[in-house]
Amino acid sequence: MLPIKHAVAVAEGGRTGEVRFLGEIENREGPIERTVKKLAGRYGRLHFCFEASPTGYGLYRQLQTLGHECMVVAPALIPKRPGERVKTNRRDAVTLARLHRAGELTGVWVPDAVHEAVRDLVRAREAAADDLRRKRQQLLSFLLRHSRIYSGSGHWTLAHRRWLASQAFEHAAQQIVFQDGIDAIEDAIARLRRLEEQLVAIVPSWSMAPVVEAYQAMRGASFLVAVTFAAEIGDVRRFDNPRQLCRSLAWSQRKARPATRCGAKA
């Protein structure tokens, strides 16, 4: 796997200040710190921005620690010119620097390190639930191909599990596939339970625990619903209206891009 790199561009102060591409640096603390200190030695205090990406918020926290301002920008909120379709890291970095200097970018909320850790656990639990659904569907599809159709009221009930236990196939290969599917589902259930138990154990020590408890007072809001909402959205008081909240919910479900473009203004 090739190392992830940040494309860096700088926009000098003033409306007519030069905007230029500086190059790419590896996503490691050492190269980033050296680049920042070199720019700070020339321009003083810097204002950075970068697109949200799978690299997380480590870059944001490092830049803040080095004493500079930083904004994380949602790709969907970056203004685009009509017909602007060709995208490269270099072009995006220059565009970010220019837009940031003009004040045309909107930053997204950045959780603190503890909040991000709880969010990681919440998302791991969601991934485990998705994995369990896929494994169950795979087994049902296998049974359907062999005309093994359950006639009861619902799947994965106690009665359905008894029906599954009664199934047997004449050929050893098919029996192996069937039993492997059953075992995979049991392993996925155990994994999901472990993650849910760990969430229950960790959330009480989280600063958002009172908020999670308050959400559960609403009708239909279980613990998992409440903790997922709190982990993804944070404090709802940061929104001025419901429309902003809905936009944030939509953004939280989008997949982050695989590369990071950075811009800086002096």
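Scroll up to find the structure.
Please read these numbers as outputs of a predicted model, since none were measured by experiment.

Conventions and cut-offs
- Residues numbered from 1 in each chain as written.
- Predicted model: local features only at pLDDT ≥ 70, side-chain atom pairs only at ≥ 80, totals over all residues.
- Heavy atoms only, no water.
- Salt bridge = Lys/Arg side-chain N within 4 Å of Asp/Glu carboxyl O.
- Buried < 20%, exposed > 50% of the residue type's maximum accessible area, 1.4 Å probe, protein only.
- Helix = DSSP H or I, 4+ residues; strand = E, 2+ residues; numbered from the N terminus.
- Pairing = 2+ DSSP bridges.
- Right-handed = clockwise from strand over helix to strand, strands pointing away.
- Phe/Tyr/Trp six-rings, centres within 6.5 Å; stacked < 30°, edge-to-face > 60°.

Draft legend 1. Main features of the pattern of salt bridges. Applying the stated criterion across every chain yields a total of 15 salt bridges. Of the charged contacts in the structure, one is a salt bridge between Arg 20 and Glu 18, with a shortest N-O distance of 3.6 Å. Linking Arg 237 and Asp 235 is a salt bridge whose minimum nitrogen-to-oxygen distance equals 2.7 Å. Classification of Arg 237 by relative accessible area gives exposed; the value is 71%. Looking at Asp 235, the relative accessible area reads 30%, which means it is partly exposed. Salt bridges linked by common partners bring Glu 12, Glu 18, Arg 20 and Arg 42 together as one network.

Draft legend 2. Layout of the pairing of strand S3 (residues 47-51). Summarising burial for S3: four of the five residues are buried, a large majority. With five bridges joining them, S3 and strand S4 (residues 69-73) adopt parallel strand pairing. By the bridge assignment for S4, Glu 51 is matched with Val 73. With helix H2 (residues 58-65) bridging S3 and the parallel S4, this β-α-β connection has right-handed handedness.

Draft legend 3. Molecular detail of the packing of aromatic side chains. Going through the model one piece at a time under the given rule, you end up with four aromatic pairs. On the numbers, 5.4 Å between centres and 50 degrees between planes, the contact of Phe 142 with Phe 169 is tilted. A residue pair is termed long-range when its members are at least 10 positions apart, and Phe 142 in helix H4 (residues 113-145) and Phe 169 in the loop between helix H5 (158-165) and helix H6 (172-202) qualify at 27 residues. This pair shows no difference in class: Phe 142 is buried, exactly as Phe 169 is. Between Tyr 215 and Phe 229, the aromatic rings sit 5.2 Å apart at their centres with planes inclined by 85 degrees, giving edge-to-face as the arrangement.

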